[in-house]
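Structural characterization, general
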Amino acid sequence: MSFHQFRLSSDILKGLKDVQIESPSALQKKIFNEVESGSDLVINTTSSEKPELGYLLSLLNAISKSERRQGTRAIILASDTERAKEIDEWIWAIGYHAGIESACLTGEKEIKDELATISAGPVIIISTPKRLADILETGRMVFREVEELIVDQADKVEDFLPVDVISQRIINKKCQKI
């Protein structure tokens, strides 16, 4: 089984080659296909199986094939700062050849600086729920074009109130929730 069956762009395939991943696991294939179907999805698995590759490949592939590279299309909420950085590294490594840019908001900068980063319209935002909710409360912004809201490792998220705050700021009613 190879990634060619996913009909990935050549740039995404180059990224996979760079990170030395030659074929998807059965779980990654299942997740990819479910995400591609467009329905909301709950994934119950362990992180050792790298389930994030399933949803990231679908997301990165769609962005790489799109003419539109302005405005935030996906928000990924990670359970903690280290996980957010890990996901951001996957996006950078696999999306490099496609020129896909992301913003990882970890709280290492001032809120006003991270708000400016969001205002610039990165295609993908990765953050912890609390940090992004705090930034959004400060900036009073909404997301019109977000197509996917992903809560990675939701079982490790201690407080879902920030996730609800973020969800209310997404006004695209067709936003897929993973």
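The structure we're discussing is the one just above.
To keep things clear, this report deals only with the structure shown in the data block.

Scoring rules and cut-offs
Residues numbered from 1 in each chain as written. Predicted model: local features only at pLDDT ≥ 70, side-chain atom pairs only at ≥ 80, totals over all residues. Heavy atoms only, no water. Helix = DSSP H or I, 4+ residues; strand = E, 2+ residues; numbered from the N terminus. Core = buried A, V, L, I, M, F, W, Y, C linked by side-chain atoms within 4.5 Å. Buried < 20%, exposed > 50% of the residue type's maximum accessible area, 1.4 Å probe, protein only. Contact = heavy atoms within 4.5 Å. Pairing = 2+ DSSP bridges.

A short note on unusual backbone geometry
A positive phi is found at Gln20, a non-glycine position, where the angle reads about 60 degrees. By the secondary structure assignment, Gln20 is in the loop between helix H1 (10-18) and helix H2 (26-37). The phi angle at Gln153 is positive, at roughly 50 degrees, despite the residue not being glycine. Along the chain, Gln153 turns up in the loop between strand S4 (148-151) and helix H7 (161-168).

Comments concerning the nonpolar core
Ile12, Ile76, Ile91 and Ile124 are the most contacted members of the largest nonpolar core, which totals 32 residues. At the level of secondary structure, the elements contributing two or more residues to this core comprise H1, H2, helix H3 (52-64), strand S1 (74-77), helix H4 (81-95) and strand S3 (124-127). Top element by residues in this core is H3. It accounts for seven residues. Contact partners of Ile124, with chain neighbours within four places excluded, come to Leu59, Leu60, Ile63, Ala74, Ile76, Ile91, Ile100, Glu101, Ser102 and Ala103. Among the nonpolar cores identified, the runner-up in size contains 22 residues, and Leu132, Met141, Val163 and Val165 belong to it.

Remarks on the sheet that holds S4
On the basis of which strands lie adjacent, the open sheet formed by five strands has the order S2-S3-S1-S4-S5 and parallel pairing. Since the sheet does not close on itself, it has two edges, and those belong to strand S2 (102-105) and strand S5 (176-177), each with one partner. Relative to S4, S1 runs parallel, the two sharing four bridges. Within the sheet, the bridge partner assigned to Leu77 lies in S4 and is Val151.

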